[in-house]
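A look at the structure
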Amino acid sequence: DVKVTQSSRYLVKRTGEKVFLECVQDMDHENMFWYRQDPGLGLRLIYFSYDVKMKEKGDIPEGYSVSREKKERFSLILESASTNQTSMYLCASNPWTVSGEKLFFGSGTQLSVL
Amino acid sequence: AQTVTQSQPEMSVQEAETVTLSCTYDTSESDYYLFWYKQPPSRQMILVIRQEAYKQQNATENRFSVNFQKAAKSFSLKISDSQLGDAAMYFCAYRSPYNNNDMRFGAGTRLTVKP
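Attention in this report is confined to the structure presented alongside it. (Residues numbered from 1 in each chain as written. Chains lettered and ligands numbered in written order. Predicted model: local features only at pLDDT ≥ 70, side-chain atom pairs only at ≥ 80, totals over all residues. Heavy atoms only, no water.)

Points about the overall build of chain B
Helices and strands together make up the secondary structure of chain B, namely 0 helices and 12 strands. Ordering the α and β elements of chain B from the N terminus gives β-β-β-β-β-β-β-β-β-β-β-β. In terms of overall size, chain B behaves like a compact globule, its C-alpha atoms giving a radius of gyration of 14 Å where 115 residues would be expected to give roughly 13 Å. For chain B, the C-alpha atoms occupy an extent of roughly 45 × 25 × 20 Å along the three principal directions. Put simply, chain B has 115 residues, and 52% of those count as buried. A sequence separation of at least 24 residues applies to 54% of the contacts in chain B between residues at least 6 apart. Carbon and sulfur atoms provide 45% of the accessible area of chain B, an area that totals close to 5500 Å². (Helix = DSSP H or I, 4+ residues; strand = E, 2+ residues; numbered from the N terminus. Rg over C-alpha atoms; globule rule 2.2 N^0.38 Å. Buried < 20%, exposed > 50% of the residue type's maximum accessible area, 1.4 Å probe, protein only. Contact = heavy atoms within 4.5 Å. Areas by Shrake-Rupley, 256 points an atom, 1.4 Å probe, with all protein chains shown as cover.)

The following block contains the structure:
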């Protein structure tokens, strides 16, 4: 089975800190995604990467950046954390060749910014 | 852009009974993919069922089935013989075949199963 691993299950940070959320997948998938999950809003796409060093903005990229130096690893960076970035962050991956392919998700990181 | 609407924030069902979760979507595309994902308390999102819009036959996976009404843009999930392990958040999702990064999710429905 595909495994998508997020490095932290819970994270507490202070306003203004630089925050790194790490995600690793073990199935050689080209596509990797970062979503934000908030109650009543579902999942919203922050950033998407289809290859090493390639990235595209999703619906809510403001305040975030990403890094993909290796195919298996996709990092989400909060340059200066703010309280409105308190949320659940989900990483996902899938192969790029089939557009209807399901997403494989990690277990999420619950981030609290104080 | 496509939108996905789940009008039931919360639902409950008695163990062993049947429950239906609603989902509607808005699109101008004729071909697309629809999904139901389950997110249990462990937070690991799991695919429950997948439907291709060009297939008229409703998808089924064991106790899970869908009622896909393309003209009405409706995609409801029916869970039969509900079990305690079915308790979770359920998300409906839409994906365009032309844009692999464009998966749209509904707001979710929290399902409670009563023993």
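Digging into the environment of A:Ser87
Residue and element names in this part refer to chain A. Along the polypeptide, Ser87 turns up in strand 9 (residues 87–94). When the C-alpha positions of Ser87 and Lys55 are compared, they lie 22 Å apart, and in sequence the two are 32 residues distant. Among all residues touching Ser87, those that are not within four sequence positions of it are Arg36, Gln37, Asp38, Thr109, Gln110 and Leu111.

Description of the environment of A:Pro95
Its location among the elements puts A:Pro95 in the loop between strand 9 and strand 10 (104–105). In the structure, A:Pro95 is positioned 13 residues away from A:Gly108 in sequence and 20 Å away in space, judged by C-alpha atoms.

Some remarks on the nonpolar core
The biggest cluster of nonpolar side chains holds 25 residues, and the ones touching the most others in it are B:Tyr25, B:Trp36, B:Phe75, B:Leu77 and B:Tyr90. Counting residues per element, the ones that place at least two in this core are strand 3 (19–21), strand 5 (33–39), strand 6 (46–52), strand 8 (64–69), strand 9 (74–79), strand 10 (88–95) and strand 12 (109–114) of chain B. Top element by residues in this core is strand 10 of chain B. It accounts for 4 residues. Core analysis: the second largest hydrophobic core is formed by 21 residues, A:Cys23, A:Met32, A:Ile46 and A:Ala81 among them. (Core = buried A, V, L, I, M, F, W, Y, C linked by side-chain atoms within 4.5 Å.)

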